[in-house]
Amino acid sequence: MKNDKQNEVQRAMIVFLTSSPTGPLDGKRKVEGFDEKNQFSENLRKYWKQNAKCLIISAFPDEDEANDGMQKSMTETLKRAGFPFHTFDIWDRRTVDFSEQALKHYDVIFLGGGHVPTENAFFHKIGLREKIAGFEGVIIGISAGTMNSADLVYAQPELAGEAVDPGYERFLPGLGLTKTNILPHYQMVKDYLLDGMRLYEDITFKDSIGHEFLVLPDGSYLLIEDGKEIIYGEAYRIADGKMEKICEENQKNIWQE
């Protein structure tokens, strides 16, 4: 019975939606390998298969040099963190086979970080929503990859001009792995000014009318297993123009059941 249970866990889709799995992007806290904060490495290790076949899907598919660098960086991260793997491939514009069968070859899929609309367009081009729906393994969202995991993605304006562009689409169809809209890197971007406006108070709060956003600083994440969504670490909820803290550092909280 115990082996049957373990096989069931291995066959299920387990989703880690992170702000940054490798530590804060602002470099204020040194991390070697994967972040140990809020039990991230500990929880991930529960589902990691020996000699896992890994894949990262790029958020910037046309930037070959950057993609090669990202692939190298992630393989080094896995080695430092002590997560054994057999292969670590990348899907970008150079990939020949984007089939569902090719996707099922992997045990772990990373959804790369970058520009949300650019990644979203690539995901649609390769038909990822349909192909990933039945994936049996571990999915790890990173920043933009986490945001694009939602059923309906909130593409928070990021680049100069996007906040004032009437043609910029703030809500896009995503991968449908969750209904939760996650906004990453809160500790870094909470005081950002974009197009003369405060990113959160003047832009995101207004966009939250009729919507709900889960806000995560680096080091926090959402774990999805068997339909249950659990927040690990510091987190905030924004809805209808108001923001509240809903989880503390080194704690966990059920978000959806």
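Residues numbered from 1 in each chain as written. Predicted model: local features only at pLDDT ≥ 70, side-chain atom pairs only at ≥ 80, totals over all residues. Heavy atoms only, no water.

1. A closer look at the pattern of salt bridges
Next up, step 1: Summed over the entire model, instances satisfying the criterion amount to 17 salt bridges.
Next up, step 2: In this structure, R29 engages D35 in a salt bridge whose closest nitrogen and oxygen atoms are separated by 2.9 Å.
Next up, step 3: Judged by its relative accessible area of 26%, R29 falls in the partly exposed class.
Next up, step 4: In this structure D35 comes out as buried when scored by relative accessible area, which is 3%. (Salt bridge = Lys/Arg side-chain N within 4 Å of Asp/Glu carboxyl O. Buried < 20%, exposed > 50% of the residue type's maximum accessible area, 1.4 Å probe, protein only.)

2. Focus: the sheet that holds strand β2 (residues 52-57)
Next up, step 1: Reading across from one edge, β3-β2-β4-β5-β1-β12-β13-β16 is the order of the eight strands in this open sheet, with mixed pairing throughout. A strand with exactly one partner marks an edge of an open sheet, and here the two such strands are β3 (85-91) and β16 (252-256). With direction set aside, neighbouring strand axes in the sheet form an average angle of 20 degrees.
Next up, step 2: Contacts between helix α5 (residues 116-125) and the sheet are confined to β2, β3 and β4 (108-111), with β2 contributing the most and set at about 120 degrees to the helix. (Pairing = 2+ DSSP bridges. Helix = DSSP H or I, 4+ residues; strand = E, 2+ residues; numbered from the N terminus. Axes fitted to C-alpha atoms, helices over the stretch in contact; angles between N-to-C directions. Contact = heavy atoms within 4.5 Å.)

3. Here's the deal with unusual backbone geometry
Next up, step 1: One non-glycine residue, N51, lies in the positive phi region at around 55 degrees.
Next up, step 2: Tracing the backbone through its elements, the reader meets N51 in the loop between α2 (40-47) and β2.
Next up, step 3: Look at D226: it is not a glycine, yet its phi comes out positive at around 55 degrees.
Next up, step 4: In this fold, D226 is placed in the loop between β12 (221-225) and β13 (228-232).
Next up, step 5: A relative accessible area of 70% places D226 in the exposed class.

4. A few points about the environment of L44
Next up, step 1: Note on placement: L44 falls in helix α2.
Next up, step 2: The spacing of L44 and L214 is 170 residues in sequence and 21 Å in space, taken between C-alpha atoms.
Next up, step 3: Beyond its immediate stretch of four places on either side in the chain, L44 contacts F16, F34, F83, V138 and I140.

5. With respect to the nonpolar core
Next up, step 1: Of all hydrophobic cores here, the largest spans 29 residues; its most connected members are I57, W91, I109, L111, L128 and I132.
Next up, step 2: Within the residue set of this core, elements represented by two or more residues are β1 (14-18), β2, α4 (100-103), β4, α5, α6 (128-132) and β12.
Next up, step 3: Aside from chain neighbours lying at most four places away, what touches L128 is I57, L103, L111, F123 and L175. (Core = buried A, V, L, I, M, F, W, Y, C linked by side-chain atoms within 4.5 Å.)

6. Some remarks on the sheet that holds strand β11 (residues 212-215)
Next up, step 1: Spatially, the four strands line up as an open sheet ordered β8-β11-β14-β15, and their pairing is mixed. What marks the edges here is a single partner per strand, and that holds for β8 (181-183) and β15 (242-247). Going across the sheet, the axis of each strand differs from the next one's by a mean of 30 degrees, ignoring polarity.

7. Things to note about the confidence of the model for the protein
Next up, step 1: Across the protein, the average pLDDT comes to 94, with 96% of residues at 70 or higher.
Next up, step 2: In this model, residues 1-10 is a region of pLDDT below 50 whose contacts with residues beyond four sequence positions or in other chains number three contacts. (pLDDT = per-residue confidence, 0-100.)

8. Points about the side chain of T95
Next up, step 1: Topologically, T95 is positioned in the loop between β3 and α4.
Next up, step 2: Using a relative accessible area of 17% as the deciding quantity, one classes T95 as buried.
Next up, step 3: Only 3.0 Å separates the side chain of T95 from the backbone nitrogen of D92, close enough to count as a polar contact. (Polar contact = N/O pair within 3.5 Å; in protein donor to acceptor, adjacent residues only side chain to side chain.)

9. Considering the packing of aromatic side chains
Next up, step 1: For the coordinates displayed, the defined rule picks out 17 aromatic pairs.
Next up, step 2: Taking 5.2 Å as the distance between ring centres and 50 degrees as the angle between the ring planes, the aromatic pair formed by Y186 and Y236 counts as tilted. Here Y186 is found in helix α8 (residues 186-189), whereas its partner Y236 is found in strand β14 (residues 235-239), with 50 residues between them in sequence.
Next up, step 3: We classify Y186 as buried; its relative accessible area is 14%.
Next up, step 4: The exposure class assigned to Y236 is buried, which follows from its relative accessible area of 14%.
Next up, step 5: Cation over ring: R45 sits above F83, and NZ or CZ is 4.1 Å from the ring centre. (Phe/Tyr/Trp six-rings, centres within 6.5 Å; stacked < 30°, edge-to-face > 60°. Lys NZ or Arg CZ within 6 Å of the ring centre and 35° of its normal.)

10. Remarks on the environment of M13
Next up, step 1: Looking at where M13 falls in the secondary structure, it is placed in the loop between α1 (2-11) and β1.
Next up, step 2: Each C-alpha atom of the pair M13 and A163 lies 35 Å from the other, and the pair is 150 residues apart in sequence.
Next up, step 3: Ignoring sequence-local partners within four residues, the contact set of M13 consists of I132, A133, F135, G137, I139, L177 and I224.

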